[in-house]
Amino acid sequence: MNEQTLSMRLERVAAHMPAGARLADIGSDHAYLPVALLRRGAIAMAVAGEVALTPFRAAERTVGENGLEQQISVRLANGLAAIEPEDGITAISLCGMGGETIRDILDSGKARLSGQERLILQPNGGEQPLRQWLMENDYRILCEEVLRENRFYYEIIVAERAGPVTYTAEELYFGPLQLQARNPIFLAKWQRLLCQKQKTLTSFAKARQAVPEEKLQDIARQARWITELLA
Ligand SMILES: C[S@@+](CC[C@H](N)C(=O)[O-])C[C@H]1O[C@@H](n2cnc3c(N)ncnc32)[C@H](O)[C@@H]1O
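Since we're looking at a predicted model, the values are computed, not measured.

Visitor: Describe the overall build of the protein, listing the residues and the values that go with them.
Guide: The secondary structure content of the protein amounts to nine helices and seven strands. Over its C-alpha trace the protein gives a radius of gyration of 19 Å, about what one expects of a compact globule, namely 17 Å for 231 residues. Each of the three principal axes of the protein carries a C-alpha extent, and together these read 60 × 35 × 35 Å. Burial status across the protein gives 48% buried among its 231 residues. Look at the contacts in the protein between residues 6 or more apart in sequence, and 68% of them connect residues 24 or more apart. For the protein, the exposed surface amounts to about 11,600 Å²; the carbon and sulfur share of it is 48%. In the protein, the 27 positive side-chain charges and the 29 negative ones have mean positions that sit 7 Å from each other.

This is how it looks when you write it as structure tokens:
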């Protein structure tokens, strides 16, 4: 992967970018996403935010090598602290991090959200707590995708603030739109997860030390929901 050839995962994230967006790519690492989008003329400008020095320097290098210093501002900052009101950001991408990390970045940076931005999120696990945060903060999920690349499943969640919205516990767990569409990749992902949950339950049953009842019940409930989904 590089700024010319994105991974399929980032290519699918790119597909949800509004044309001409003013993008904040938080946790940008090498800044491949904003650089690829600018090279294609798909966005107007970008902020590439990074909290760690090595990826921050890598982002600066990619931007410099592509002569995009005027259009992409690379900033060493924690989460949404990379965004300034005068940037006029219209889309925020947070990709390749755990769902809980993305949730925490959004929550601690709430004051920097105008509410007008489209959020394009690609969590690696932890989708349920992330959807919970979206619901609690009036974000409606507009689009969801599951894709498979290099034997891993990835989810993409696109959301915009649109007033109060309610999702059921199952919708938060599986994704409200995924639950309706039930496409083959989504079902294959949950088939794999069901096997993992069943293995966990078997190992709990064999464990010498008692597993907390609450944890056991939680995994049993998840296995039941997935079994019902796949039935
Ligand atoms: C696995 S990389 C993903 C890079 C790229 N977004 C992608 O999807 O390919 C995650 C990046 O997020 C950065 N990161 C983690 N927490 C962050 C935070 N609070 N603020 C900014 N960047 C963060 C890490 O330093 C790392 O470079």
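Moving on, there is more to tell.
Visitor: Describe the packing of helix H8 (residues 184-206) against helix H9 (residues 213-230), and please don't skip the residues or the numbers.
Guide: In contact at an axis separation of 9 Å, H8 and H9 are set at 145 degrees when each is read in the N-to-C sense. Crossing angle aside, the handedness with which H8 passes H9 is left-handed. Counted together, Phe186, Leu187, Trp190, Gln191, Leu193, Leu194, Lys197, Thr200, Leu201 and Phe204 of H8 and Lys215, Leu216, Ile219, Ala220, Gln222, Ala223, Ile226, Thr227, Leu229 and Leu230 of H9 form the full contact between these two elements. In the contact of H8 with H9, the residues fall into 14 nonpolar, four polar and two charged.

Visitor: Give me the lowdown on the environment of Cys95, citing residues and values where you can.
Guide: Tracing the sequence through the fold places Cys95 in strand E4 (residues 91-97). Classification of Cys95 as buried rests on a relative accessible area of 10%. Leave out the neighbours within four places in its chain, and Cys95 touches Arg9, Leu10, Val13, Ile26, Gly27, Ile120 and Gln122.

Visitor: Which residues make up the pattern of salt bridges, and what values go with them?
Guide: In a structure, side chains of opposite charge can pair up when their charged atoms sit close to one another. Counted according to the given criterion, the structure contains 11 salt bridges. Across the pair Asp87 and Arg75 runs a salt bridge, and its minimum N-O distance is 2.8 Å. In this pair, Asp87 is assigned in the loop between strand E3 (72-76) and E4 and Arg75 in strand E3, connecting sequence segments 12 residues apart. The class for Asp87 is buried, based on a relative accessible area of 7%. A salt bridge links Glu155 to Lys189; its shortest N-O distance comes to 2.7 Å. Residue Glu155 is located in strand E7 (residues 152-161), and its partner Lys189 is located in helix H8; the two are separated by 34 residues in the primary sequence. The same class applies to Glu155 and to Lys189, which are both buried. Here the salt bridges do not stand alone but share partners, grouping Arg131, Glu144, Glu155 and Lys189 into one network.

Visitor: So what about the packing of aromatic side chains? Which residues, and what values?
Guide: All told, the structure shown has eight aromatic pairs when counted by the stated rule. Taking 4.9 Å as the distance between ring centres and 75 degrees as the angle between the ring planes, the aromatic pair formed by Tyr173 and Phe174 counts as edge-to-face. What makes Tyr173 buried here is its relative accessible area of 9%. Seen from their ring centres, Phe186 and Trp190 are 6.5 Å apart, and the 70 degrees between their planes marks the pair as edge-to-face. Here the residue Phe186 and the residue Trp190 both occupy positions in helix H8, the gap between them amounting to four residues, near one helical turn. The class of Phe186 is buried, set by a relative accessible area of 0%. Looking at Trp190, the relative accessible area reads 4%, which means it is buried.

Visitor: Could you give me a rundown of the site of the ligand, with the residues and numbers involved?
Guide: Around the ligand, the structure places 15 residues, and the nearest of them are Arg9, Gly27, Glu50, Asn78 and Gly79. Gly79 is positioned with one of its backbone polar atoms (N or O) 2.8 Å from a nitrogen atom of the ligand. For the shell around the ligand, the secondary structure elements donating two or more residues are helix H1 (8-15) and E4. Ranked by the residues each element gives to the shell around the ligand, the list is headed by E4, at three residues.

Procedures and definitions
- Residues numbered from 1 in each chain as written.
- Predicted model: local features only at pLDDT ≥ 70, side-chain atom pairs only at ≥ 80, totals over all residues.
- Heavy atoms only, no water.
- Helix = DSSP H or I, 4+ residues; strand = E, 2+ residues; numbered from the N terminus.
- Rg over C-alpha atoms; globule rule 2.2 N^0.38 Å.
- Buried < 20%, exposed > 50% of the residue type's maximum accessible area, 1.4 Å probe, protein only.
- Contact = heavy atoms within 4.5 Å.
- Areas by Shrake-Rupley, 256 points an atom, 1.4 Å probe, with all protein chains shown as cover.
- Lys, Arg positive; Asp, Glu negative; His and termini not counted.
- Charge placed at Lys NZ, Arg CZ, Asp CG, Glu CD.
- Axes fitted to C-alpha atoms, helices over the stretch in contact; angles between N-to-C directions.
- Left-handed = near helix turned anticlockwise from the far one by under 90°.
- Nonpolar A, V, L, I, M, F, W, Y, C, P; charged D, E, K, R; others polar.
- Salt bridge = Lys/Arg side-chain N within 4 Å of Asp/Glu carboxyl O.
- Phe/Tyr/Trp six-rings, centres within 6.5 Å; stacked < 30°, edge-to-face > 60°.
- Near = heavy atom within 4 Å.
- Polar contact = N/O pair within 3.5 Å; in protein donor to acceptor, adjacent residues only side chain to side chain.

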